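Each chain is listed here by its residues.
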Amino acid sequence: MIPKHLQDLVDALRILPSIGEKSAFRMALYLLEQENGAPLKLANAIINAQENIVRCEICNALSEKNICPICSNPSRDNSVICVVERPSDMLAIEKNNRFNGVYHVLGGLISPISGITPDKLSLNLLKKRVEEGNVAEIIIALGFTGEAETTVFYIQKVLSQFPLTISKLAQGLSSGLEIIHADKNTLNQAIDDRKIISKTIREEIL
């Protein structure tokens, strides 16, 4: 019979993506067998992150302050917003040191089957940014999954009343490929060769 505290650890580890019962059990045993204080360091790191990491009030990215370093950086081009699904996608683009605009993290993709409806994403925050800021272009960097395409369509609908250009990454990224898994050169090329999918000029909405 598995000790209760061991089973609790296994159950806790199973919340991680792609971790099943057997993998969680192996991980739990590995942690318990360590004698260098690694499990305690891991536990403390999780607690500290939980207590000190918040969502940026502007872009919804993970940050240690209410406004993240990118949004508070005066050298960034606030007229261009790159919309991504997760903070990890933002970091994948950012580490290439090629994009000088700002970001917006949706927090997921629209997927009714999974119970993810538009109101569960940060779409209203994105709309507010466009309303209040001098935004010229929205670059949609969500990959090429079915859920991504649904989300792209909805973003176009939400922002159709504003005078701006909406573009998305070029098809250099393979169908079904997530942003975080794209290599540096492919990702840079996809951004550079992005395709305009809608453009509304101010005269058209007067």
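Residues numbered from 1 in each chain as written. Predicted model: local features only at pLDDT ≥ 70, side-chain atom pairs only at ≥ 80, totals over all residues. Heavy atoms only, no water.

Caption draft 1: View of the confidence of the model for the chain. This prediction gives the chain a mean pLDDT of 88; 91% of its residues lie at or above 70. Strand β4 (residues 101-105) holds the highest mean pLDDT among the elements of the chain, 97, whereas helix α8 (residues 202-205) holds the lowest, 48. (pLDDT = per-residue confidence, 0-100. Helix = DSSP H or I, 4+ residues; strand = E, 2+ residues; numbered from the N terminus.)

Caption draft 2: Looking closely at the environment of Val 80. For Val 80, the position within the fold is in strand β3 (residues 77-84). Measuring from C-alpha to C-alpha, the distance between Val 80 and Ile 70 comes to 13 Å, with ten residues separating the pair along the chain. Ignoring any residue separated from it by four or fewer positions in sequence, one finds Val 80 in contact with Phe 99, Gly 101, Val 102, Glu 137 and Ile 139. (Contact = heavy atoms within 4.5 Å.)

Caption draft 3: The arrangement of the pattern of salt bridges in detail. Evaluation of the coordinates by the stated rule reveals six salt bridges. We note a salt bridge from Asp 8 to Lys 4, for which the minimum N-O separation is 2.9 Å. Here the residue Asp 8 and the residue Lys 4 both occupy positions in helix α1 (residues 4-13), the gap between them amounting to four residues, near one helical turn. Residue classification places Asp 8 among the partly exposed positions, given a relative accessible area of 35%. Taking relative accessible area as the criterion, Lys 4 reaches 58% and is therefore assigned exposed. Between Glu 137 and Arg 194 there is a salt bridge, with its nearest N and O atoms 2.7 Å apart. One end of the pair, Glu 137, is in strand β5 (residues 137-141); the other, Arg 194, is in the loop between α7 (184-192) and β7 (195-199), and 57 residues separate them in sequence. Taking relative accessible area as the criterion, Arg 194 reaches 29% and is therefore assigned partly exposed. (Salt bridge = Lys/Arg side-chain N within 4 Å of Asp/Glu carboxyl O. Buried < 20%, exposed > 50% of the residue type's maximum accessible area, 1.4 Å probe, protein only.)

Caption draft 4: Just the nonpolar core, in detail. Counting residues in hydrophobic clusters, the biggest one holds 44 residues, and the most contacted among them are Cys 82, Ile 93, Ile 138, Leu 142, Ile 155, Leu 159 and Leu 169. Sorting the residues of this core by element identifies β3, α4 (87-94), β4, α5 (123-132), β5, α6 (146-159) and α7 as the ones contributing at least two each. In this structure, Leu 6, Val 10, Leu 13 and Ala 24 belong to the second largest nonpolar core, which totals five residues. (Core = buried A, V, L, I, M, F, W, Y, C linked by side-chain atoms within 4.5 Å.)

Caption draft 5: Seen up close, the packing of α5 against α6. Running from N to C, α5 and α6 point in directions that differ by 40 degrees, and their axes come no closer than 10 Å. Comparing the axis directions of α5 and α6 gives the class oblique. When the axes of α5 and α6 are compared, the crossing they make is right-handed. Between α5 and α6, the contacting residues are Leu 123, Leu 126, Lys 127 and Val 130 on the first element and Tyr 154, Ile 155, Val 158 and Leu 159 on the second. Split by residue class, the contact of α5 with α6 holds seven nonpolar, no polar and one charged. (Axes fitted to C-alpha atoms, helices over the stretch in contact; angles between N-to-C directions. Parallel < 35°, antiparallel > 145°, perpendicular 65-115°, else oblique. Left-handed = near helix turned anticlockwise from the far one by under 90°. Nonpolar A, V, L, I, M, F, W, Y, C, P; charged D, E, K, R; others polar.)

Caption draft 6: Main features of the layout of surface pockets. Of the voids in this model, the largest pocket is the one considered here, and its volume is about 330 Å³. Along the walls of the largest pocket sit 13 residues, with Leu 9, Leu 13, Leu 31, Leu 42 and Ile 46 positioned nearest its centre. Breaking the lining of the largest pocket down by element, the ones donating at least two residues are α1, α2 (21-33) and α3 (38-52). By residue class, the composition of the lining of the largest pocket is 13 nonpolar, no polar and no charged. (1 Å grid on protein atoms, 1.4 Å probe; cavity = no way out; pocket = protein on both sides within 12 Å on 5 of 7 lines; lining within 4 Å. Points joined across faces, edges and corners; volume = space filled by probe spheres on them.)

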